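# Report on the structure
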Amino acid sequence: MPHDSPDADLWKLHERRRVGQRIREERLHRNLTQEHVYLAVPLNRSHYQAIEAGEANPTLDVLLRICRVIGVRLDLVR
């Protein structure tokens, strides 16, 4: 599938939402607030909320920091 096809865009949107949902699930499972996570990363509140909602495109570095704060490995976010 070409990288700029509409299907690729839909796939990326779906994956961002899936990853954001898994981050949220793991955060809640560990009884952490969004504030705890975004302050520890650090990120601003709206960007962190956009990541959990699947609306942001975080860098790998940001994802790794979020996972470290939450206490999961990045491969468990799948």
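Residues numbered from 1 in each chain as written. Predicted model: local features only at pLDDT ≥ 70, side-chain atom pairs only at ≥ 80, totals over all residues. Heavy atoms only, no water.

## Thoughts on the overall build of the chain
For clarity, the cut-off: Numbering goes from the N terminus for both helices and strands, where a helix is a DSSP run of H or I of at least four residues and a strand is a run of E of at least two. Note that the radius of gyration is over C-alpha atoms, with the globule rule given as 2.2 Å times the number of residues to the power 0.38.
Along the chain, the regular secondary structure elements total 4 helices and 0 strands. Element order for the chain, N to C, with α for helix and β for strand: α-α-α-α. A compact globule built from 78 residues should have a C-alpha radius of gyration of about 12 Å, and the chain, at 13 Å, falls within 12% of that. For the chain, the spread of C-alpha atoms along the three principal axes comes to 40 × 25 × 20 Å.

## Overview of the pattern of salt bridges
Formally: Every case where a carboxyl oxygen of Asp or Glu lies within 4 Å of a side-chain nitrogen of Lys or Arg is listed as a salt bridge.
Applying the stated criterion across every chain, the model contains 8 salt bridges. Glu15 is paired through a salt bridge with Arg18; the nearest N and O atoms lie 2.6 Å apart. Here Glu15 pairs with Arg18, and both are found in helix α1 (residues 6-29), just 3 residues apart, close to one helical turn. The salt bridge involving Asp75 is made with Arg73; its shortest N-O contact spans 2.7 Å. Through salt bridges with shared partners, a single network forms among Arg22, Glu25, Glu26 and Arg30.

## A few points about helix α4 (residues 60-70)
Operational definition: When a residue's accessible area, from a 1.4 Å probe over protein chains only, is under 20% of the maximum for its type it is buried; when over 50% it is exposed; and in between it is partly exposed. Working definition: the arc comes from the directions between the helix axis and the C-beta atoms, pointing outward to the latter. Throughout, a residue-residue contact means that at least one pair of heavy atoms, one from each residue, lies within 4.5 Å.
Taken residue by residue, α4 has Val62, Leu63, Ile66, Cys67 and Ile70 as its buried positions. Seen along its axis, α4 keeps its buried residues to an arc of 135°; they face one direction. In α4, those exposed residues whose orientation departs by more than 90 degrees from the buried face are Leu60 and Arg68. Residues of α4 that are buried sit in contact with α1, α2 (34-40) and α3 (45-53). Following α4 by one or two positions, Gly71 adopts a phi angle in the positive range, close to 95°.

## A look at the environment of Asp61
By the element assignment, Asp61 lies in helix α4. Between the alpha carbons of Asp61 and Leu13 there is a distance of 19 Å; along the sequence they are 48 residues apart.

## Concerning the nonpolar core
This is how it is decided: To qualify as a nonpolar core, a set must consist of buried Ala, Val, Leu, Ile, Met, Phe, Trp, Tyr and Cys residues joined through side-chain atoms within 4.5 Å.
Counting 16 residues, the largest nonpolar core has Ile23, Val37, Leu43, Tyr48, Ile51, Ile66 and Ile70 as the members making the most contacts within it. If you list the elements that add at least two residues to this core, you get α2, α3 and α4. Among the elements that line this core, the one with the most residues is α4, at 5 residues. Once residues lying within four places of it in the same chain are set aside, the contact partners of Ile70 are Ile23, Glu26, Arg27, Arg30, Leu32, Val37 and Tyr48.

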